[in-house]
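The chain contents come next:
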Amino acid sequence: MTKNELIEQMAAGAGITKVAAKAALDTALNTITNCLAEGGKVQLPGFGTFETRQRAARTGMNPQTKKPVAIPAATVPAFKAGKGLKDSVDKK
């Protein structure tokens with residue numbers, strides 16, 4: 001599903017215009033992004049949790065030259081699915 005398809009589904013489901021649905025989606029995504037950038041966590045019960053995790057520095061390998069490459073430590077976004085989402089997906 002693309003972002004535009006998601007906006008169409010949101011608009012139809014909520015009985016609002018596509019413009020309003022796009023504004024709502026963009027606001028939700030920006031809010032989650034800003035919260036994670038500040039080191040916070042967003043919990044949506046039944047859906048999941050957005051959080052950041054620390055990735056340690058490590059040594060990788062350049063596949064072309066086979067020489068070691070230093071990969072710096074990083075803070076990365078992560079999502080952990082909630083029980084409701086897991087159960088919905090597992091119904092197949």
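Structure shown above.
The notes below deal with the structure included here. (Residues numbered from 1 in each chain as written. Predicted model: local features only at pLDDT ≥ 70, side-chain atom pairs only at ≥ 80, totals over all residues. Heavy atoms only, no water.)

## Examining the pattern of salt bridges
Part 1 of the argument: Taken as a whole, this structure holds five salt bridges when the rule is applied.
Part 2 of the argument: The salt bridge involving E51 is made with R53; its shortest N-O contact spans 3.1 Å.
Part 3 of the argument: Accessibility expressed as a relative area gives 19% for E51, which makes it buried.
Part 4 of the argument: A salt bridge links K83 to D87; the nearest nitrogen and oxygen atoms lie 2.8 Å apart. (Salt bridge = Lys/Arg side-chain N within 4 Å of Asp/Glu carboxyl O. Buried < 20%, exposed > 50% of the residue type's maximum accessible area, 1.4 Å probe, protein only.)

## Quick notes on the side chain of T49
Part 1 of the argument: Relative to the assigned elements, T49 resides in strand β2 (residues 48-55).
Part 2 of the argument: Other than its neighbours up to four places away in sequence, T49 contacts K41, V42, Q43, A78, F79 and K80. (Helix = DSSP H or I, 4+ residues; strand = E, 2+ residues; numbered from the N terminus. Contact = heavy atoms within 4.5 Å.)

Everything listed here is a matter of coordinates, which is why it stays silent on function.
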